[in-house]
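# Survey of secondary and tertiary structure
Here's the letter readout for the chains.
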Amino acid sequence: MATMEVEVTMRTPYPAAAALLLLIAGCSGAPTPSTTTTPGSSASASPTAAASSRATAAPGATESGEGSGQGAGAPDDSGRFSYACSSLNEAVPDVTYTSLAEVWTSTEYVRLASCTANYEGPVPFEPTEDEARIISIAEPGLTPSEGLDTYLTALALCTRVSDEAASELFGRSSRQMLQAASELCPRAPQGRIIEFWASGERAGDGEYAVANDGLVPGKFHLRKTPPEGCTWSVSAADGSTKARGGAAEGQSGILLEEKDVLTSDKCGIWEKIE
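Residues numbered from 1 in each chain as written. Predicted model: local features only at pLDDT ≥ 70, side-chain atom pairs only at ≥ 80, totals over all residues. Heavy atoms only, no water.

The four strands lie next to each other as 4-11-6-9, forming an open sheet whose pairing is antiparallel. Sheet topology places strand 4 (202-203) and strand 9 (254-256) at the edges, where each strand pairs with a single neighbour. As paired elements, strand 4 and strand 11 (residues 270-272) share two bridges and run antiparallel to each other. Bridging from a neighbouring strand, Ala203 pairs with Trp270 of strand 11. (Pairing = 2+ DSSP bridges. Helix = DSSP H or I, 4+ residues; strand = E, 2+ residues; numbered from the N terminus.)

Below you can see the structure in the form of structure tokens.
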């Protein structure tokens with residue numbers, strides 16, 4: 001026994017320090033996350049893997065939640081909605097996606113013409129708090145539980161709208177609907193574009209007034225060379241014509257002042273430049 005005590009003393013010259021190190025190691029150690037599998041389910045990822053997955057997710061994507069618009073602009077990943085999207089190439093069949101994130105990250109995204117949002121959840125429709133808020137922006141005074149079509153319209157505007165369709169789809173939407181869509185998906189690939197329309201800095205074919213719920217005053221021009229037949233006019237509040245022209249004048253720019261009315265036909269998209 002004496003010999004063993006000597007050998008231990010020789011190998012551990014600082015027993016108090018060694019004990020302290022062991023105590024620290026025992027207190028700071030943490031179990032290593034493990035992956036478990038239960039019958040009938042897929043393997044659950046560790047917290048580290050989940051964080052990595054979120055870091056590489058599509059722009060605007062967040063963790064799964066109840067309904068679209070989680071926080072501000074999170075894509076719908078609840079399974080309550082689907083999106084049937086058509087291609088600019090008419091020969092390509094429609095494609096159905098299960099979330100906004102899936103639409104946004106599709107390899108066909110830039111070739112999509114537009115998408116229709118569909119409700120896949122339980123009936124009757126019971127909006128989440130986020131969904132009710134978007135409905136109230138799009139149509140103030142509407143009972144949220146009766147606002148499914150309104151919410152689907154806002155979702156559709158958040159998917160993909162080509163320049164060819166924007167004049168009609170964005171242009172025919174009310175400022176309130178555009179503001180609702182802008183609030184719903186600010187981190188969408190076209191989030192900034194929706195904001196332009198919602199703020200009155202863009203207009204399409206049709207009639208637009210420079211007013212609180214219409215266009216803002218300033219200098220506008222045509223974003224692209226329009227097809228043949230483009231005509232436009234600017235009228236004053238009393239109905240008198242202040243200016244009129246075609247493609248060339250539209251591309252050079254027109255000045256819109258308070259209470260003016262812009263009427264555009266076959267000209268495409270107007271955009272504020274000053």
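Attention now moves to the environment of Ala166. Tracing the backbone through its elements, the reader meets Ala166 in helix 7 (residues 163-169). We classify Ala166 as buried; its relative accessible area is 3%. Ala166 sits 38 residues away from Gly204 along the chain, and the two C-alpha atoms are 7.6 Å apart. Ignoring sequence-local partners within four residues, the contact set of Ala166 consists of Val161, Gly171, Trp197 and Ile269. (Buried < 20%, exposed > 50% of the residue type's maximum accessible area, 1.4 Å probe, protein only. Contact = heavy atoms within 4.5 Å.)

Further remarks concern the sheet that holds strand 3 (residues 112-119). Spatially, the three strands line up as an open sheet ordered 2-1-3, and their pairing is antiparallel. Edge positions in the sheet fall to strand 2 (95-97) and strand 3, since each has one partner strand and no second. Pairs of neighbouring strands in the sheet enclose a mean axial angle of 25°, with direction left out of account. Pairing geometry for strand 1 (residues 81-87) and strand 2, over three bridges, is antiparallel. Along strand 2, the bridge assignment pairs Cys85 with Val95. Across the sheet, helix 6 (residues 148-157) touches strand 1 and strand 3, and the angle it forms with strand 3 is around 150°. (Axes fitted to C-alpha atoms, helices over the stretch in contact; angles between N-to-C directions.)

This paragraph deals with the pattern of salt bridges. Within this structure, the stated rule accounts for 12 salt bridges. With a shortest N-O distance of 3.3 Å, Glu271 and Arg223 are connected by a salt bridge. Taken together, the positions of Glu271 in strand 11 and Arg223 in the loop between strand 6 (218-222) and strand 7 (231-235) put the pair 48 residues apart, joining distant regions of the chain. Here the residues in one salt-bridge network are Asp163, Arg202, Arg223, Lys224 and Glu271, joined through shared partners. (Salt bridge = Lys/Arg side-chain N within 4 Å of Asp/Glu carboxyl O.)

Our next topic: helix 5 (residues 129-138). By the burial criterion, the buried members of helix 5 are Asp130, Glu131, Ala132, Ile134, Ile135 and Ala138. Elements in contact with the buried residues of helix 5: strand 1, helix 6 and helix 8 (175-184).

Contact pair helix 5 / helix 6: the axes reach a minimum separation of 9 Å and the direction vectors enclose 90°. Regarding the angle of helix 5 to helix 6, the classification is roughly perpendicular. Residues Glu131, Ile134, Ile135 and Ala138 of helix 5 form the contact with helix 6, whose participating residues are Thr150, Tyr151 and Ala154. Here the residues of the contact of helix 5 with helix 6 are counted per class, giving five nonpolar, one polar and one charged. (Parallel < 35°, antiparallel > 145°, perpendicular 65-115°, else oblique. Nonpolar A, V, L, I, M, F, W, Y, C, P; charged D, E, K, R; others polar.)

Note that strand 7 and strand 8 (residues 241-245) share four bridges and pair antiparallel. Its bridge partner being in strand 8, Ser233 is matched across the sheet by Arg244. Remark: five residues form the turn of the hairpin made by strand 7 and strand 8, two consecutive strands paired antiparallel; Gly239 in that turn has positive phi of roughly 90°.

On to unusual backbone geometry. Across the junction of Val123 and Pro124, the peptide omega takes the value 5°, indicating a cis bond. Tracing the backbone shows Pro124 in the loop between strand 3 and helix 5. A positive phi angle is found at Lys259, which is not glycine, with a value near 70°. Inspection of the secondary structure assignment puts Lys259 in the loop between strand 9 and strand 10 (261-265). The backbone of Lys266 sits at a positive phi, close to 60°, despite the residue not being glycine. Note that Lys266 resides in the loop between strand 10 and strand 11.

Within the structure shown, the criterion is met by three disulfides. Sulfur-sulfur distance for the disulfide between Cys230 and Cys267 comes to 2.0 Å. Of note, the bridge from Cys230 to Cys267 carries an S-S torsion of about 95° and is right-handed in sense. Of the two residues, Cys230 sits in the loop between strand 6 and strand 7 while Cys267 sits in the loop between strand 10 and strand 11, which places them 37 residues apart along the sequence. Each of the two residues, Cys230 as well as Cys267, counts as buried. Each disulfide in the chain links cysteines that, numbered along the sequence, combine into the pattern 1-2, 3-4, 5-6. (Disulfide = S-S within 2.5 Å.)

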